[in-house]
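As a plain string of letters, each chain reads:
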Amino acid sequence: MTILLLGSGGREHALAWKMLQSPKCSKLFVAPGNAGTASIAKNVALNITDFEAIKTFAIQEKIDLVVVGPEDPLVLGIYDFFKSDAALNHIPVIGPSKVGAQLEGSKEFAKEFLVKNNIPTAAYASFTKETVEKGCDFLETLQPPFVLKADGLAAGKGVLIIQDLEEAKTELRNMLLHQKFGSASSKVVIEEFLDGIELSCFVLTDGKNYKILPTAKDYKRIGEGDTGLNTGGMGAVSPVPFADAVLLEKIETRIVKPTIAGLQKDNIEYKGFVFIGLINVKGEPIVIEYNVRMGDPETEVVIPRLKSDLVELFQAVANQTLDQVSLEIDERSATTIMVVSGGYPEDYDKGFEITGLEKIQDSIVFHAGTKLENNKVVTNGGRVIAITSFGDNFQEAIKKSYQNIEKLHFDKMYCRKDIGFDLL
Ligand code: AMP
Ligand code: GLY
């Protein structure tokens, strides 16, 4: 099969790496990809939200399967675009339909879906600029901290957690009246604050059947001890040590099953990944968000633990025969550490040469923000490289990643030294 994978991060390098292990994958294009995907597949300079350009390319290269890494093309409806085009509708797209992608594209849609399907989630109310004063009154009825969420996609920045009531009111007004997050905050969901430890559950579904992939925990803050600004993710661990059989059983029966059943009940086509962000409150799993794609850097630990053929799984998703394939998981722990550019998640420079990559031993290098320039690998983003390692436990795996990171160098390189600190 000839496969087209959309995206350019560590997640896509990991997906590409895994798909290339399948005998079913004869040719892989990654659009636009990075220096890592260029070393194993063929990068193509396509804009992943330019569906007409993707169409031309897919026809020209006789693409058999499209795998979508990030959320943007999904929320914009790439699944429906392929399905409704006579020249493309024979090509399966791994990802949800446009309506399904609203689980990530609209916080309000996701909350309504959760409540309607009796899936545990934080209590909430949503407000617009017309009801901003009602929103302020609602804040008065809650206990701090206050959780304010921009309804739409805001590149992971649209959630504010605020201690002070007056500040929360000001921010609510900023979001609704002054477009703090552009049109994404023309609606705001105010949520009850949940106190617990986060973990993520990844599900692959064909719309009828599902497979639960390994759990993972990511570290979103830039600073050690989970402090400082939010990032895309600074590291991840899989499996999550506290996700024991009892918790997993609750997650499956209370959350995964009703999610898939809810999609079916509403006739929402969904052939792709569901990433369920959870918070474990005293042993009870509660949903804080849905994403309609894999996580990054969670993919860099979840996918390496998958022993099954990923292309075969994607084919089963497309054919709705996921019940007929089995999932084999590596029992070992996998961890990944994200190496980033100094300054990230705020302003940072690009174009620094990365050296030492060839010295990495016994870990897997997944490129995130890198590109090739005059045959050199240079930084091309905030999150630059993810170093994934296996171990009999996560401590052992983490140690390997850190030992290998010592061998890497680029200007203003930074990584968190405490990934996994809260799991000991
Ligand atoms: P989200 O984009 O919905 O995942 O929110 C970003 C982050 O905000 C989450 O990873 C949590 O750390 C935090 N968060 C979101 N909702 C809540 C909540 N209701 N209570 C506590 N923390 C939350
Ligand atoms: N690492 C979090 C995400 O991919 O959304």
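See above for the structure.
Here we summarise the structure given alongside this text.

Analysis parameters
Residues numbered from 1 in each chain as written. Chains lettered and ligands numbered in written order. Predicted model: local features only at pLDDT ≥ 70, side-chain atom pairs only at ≥ 80, totals over all residues. Heavy atoms only, no water. Helix = DSSP H or I, 4+ residues; strand = E, 2+ residues; numbered from the N terminus. Buried < 20%, exposed > 50% of the residue type's maximum accessible area, 1.4 Å probe, protein only. Near = heavy atom within 4 Å. Polar contact = N/O pair within 3.5 Å; in protein donor to acceptor, adjacent residues only side chain to side chain. Nonpolar A, V, L, I, M, F, W, Y, C, P; charged D, E, K, R; others polar. Phe/Tyr/Trp six-rings, centres within 6.5 Å; stacked < 30°, edge-to-face > 60°. Lys NZ or Arg CZ within 6 Å of the ring centre and 35° of its normal. Expected span 1.5 Å × (residues − 1). Arc of directions from axis to C-beta. Axes fitted to C-alpha atoms, helices over the stretch in contact; angles between N-to-C directions. Parallel < 35°, antiparallel > 145°, perpendicular 65-115°, else oblique. Left-handed = near helix turned anticlockwise from the far one by under 90°. Contact = heavy atoms within 4.5 Å. Pairing = 2+ DSSP bridges. Salt bridge = Lys/Arg side-chain N within 4 Å of Asp/Glu carboxyl O.

**Describing unusual backbone geometry**
The residue after proline 144, namely proline 145, is reached through a cis peptide bond having omega -5°. The topology assignment puts proline 145 in the loop between helix H8 (132–140) and strand E7 (146–150). Residue proline 239 is reached from serine 238 by a cis peptide bond, and omega for that bond is 0°. One non-glycine residue with positive phi stands out, namely asparagine 118, at about 55°. Positionally, asparagine 118 belongs in the loop between helix H7 (107–116) and strand E6 (124–128). For asparagine 118, a relative accessible area of 69% puts it in the exposed group. A positive phi angle, close to 50°, is found at glutamine 179, a residue other than glycine.

**Remarks on the site of ligand 1**
Taken together, 14 residues lie near ligand 1, and Glu191, Glu192, Leu194, Glu198 and Glu289 sit nearest. One of the backbone nitrogen or oxygen atoms of glutamate 192 is found 2.9 Å away from a nitrogen atom of ligand 1. With respect to ligand 1, the side chain of glutamate 198 contributes an N or O atom lying 2.3 Å from an oxygen atom. Listing elements by their share of the shell around ligand 1, those giving two or more residues are E7, strand E8 (159–162) and strand E17 (284–291). Looking at the shell around ligand 1 residue by residue, the class counts come to 7 nonpolar, no polar and 7 charged.

**Here we look at the packing of aromatic side chains**
In this structure the tally under the stated criterion is 10 aromatic pairs. With centroids separated by 4.9 Å and ring planes inclined at 90°, the aromatic side chains of phenylalanine 29 and phenylalanine 57 adopt a geometry described as edge-to-face. Residue phenylalanine 29 is found in strand E2 (residues 27–32), and its partner phenylalanine 57 is found in helix H3 (residues 51–60); the two are separated by 28 residues along the sequence. Pair check on accessibility: phenylalanine 29 and phenylalanine 57 agree, each one buried. Summarising the aromatic geometry, the rings of phenylalanine 202 and phenylalanine 275 are spaced 4.8 Å apart at their centres and angled 55° between planes, so their arrangement reads as tilted. Remark: phenylalanine 275 occurs in strand E16 (residues 270–281) and phenylalanine 202 occurs in strand E10 (residues 197–205); sequence separation between them is 73 residues. For the residue pair phenylalanine 202 and phenylalanine 275, the accessibility class agrees, reading buried in each case. One aromatic cluster in this structure is built from Phe51, Phe81 and Phe82. One Lys or Arg, lysine 217, reaches over the ring of tyrosine 219 and ends 4.4 Å from the middle of that ring.

**Quick look at helix H13 (residues 394–405)**
The terminal C-alpha atoms of H13, which comprises 12 residues, lie 16 Å apart, in line with the 16 Å expected from a rise of 1.5 Å per residue. Residues Phe394, Ala397, Ile398, Ser401, Tyr402, Asn404 and Ile405 constitute the buried set of H13. What you see down the axis of H13 is that its buried residues fit within an arc of 160°, all on one side.

**Things to note about the packing of H8 against helix H9 (residues 165–177)**
Here H8 crosses H9 at 155°, and the two axes come no closer than 10 Å. In terms of orientation, H8 lies roughly antiparallel with respect to H9. H9 is crossed by H8, and the crossing has right-handed handedness. Residues Val132, Glu133, Gly135, Cys136, Leu139 and Glu140 of H8 lie in contact with H9, whose contacting residues are Leu165, Ala168, Lys169, Leu172, Arg173, Leu176 and Leu177.

**Some thoughts on the sheet that holds strand E9 (residues 187–191)**
Pairing between the strands of a sheet comes from backbone hydrogen bonds, and it takes one of two forms, parallel or antiparallel. One open sheet accounts for 4 strands, arranged E6-E9-E7-E8; its pairing is antiparallel. Only two strands of the sheet have a single partner each, and these edge strands are E6 and E8. Across this sheet, the average inter-strand angle for adjacent strands is 20°, counted without regard to direction. Each of E6, E7, E8 and E9 touches H9; the most contacted strand, E7, lies at about 5° to it.

**A word on the packing of helix H1 (residues 10–19) against helix H12 (residues 310–319)**
At a minimum axis separation of 8 Å, H1 and H12 run at an interaxial angle of 95°. With respect to H12, the axis of H1 lies roughly perpendicular. Between H1, through Leu15, Lys18 and Met19, and H12, the contact on the second element is made entirely by Leu310, Val311 and Phe314. Residue composition of the contact of H1 with H12, by class: 5 nonpolar, no polar and 1 charged.

**Re the pattern of salt bridges**
Any two side chains of opposite charge can pair, given that their charged atoms come close. Counted by the stated rule, this structure contains 27 salt bridges. Salt-bridge contacts for arginine 293 lead to glutamate 71; the nearest nitrogen and oxygen are separated by 2.9 Å. Of the two residues, arginine 293 sits in the loop between E17 and helix H11 (299–302) while glutamate 71 sits in the loop between strand E4 (65–68) and helix H4 (72–75), which places them 222 residues apart along the sequence. Here arginine 293 and glutamate 71 have matching classes, each one buried. The partner of lysine 149 in a salt bridge is glutamate 191, with the nearest N and O atoms 3.3 Å apart. Taken together, the residues span a long stretch of sequence, with lysine 149 in strand E7 and glutamate 191 in strand E9 at a distance of 42 residues. For the pair shown, lysine 149 and glutamate 191 are each scored as buried. Members of the salt-bridge network, linked through shared partners, are Glu71, Glu104 and Arg293.

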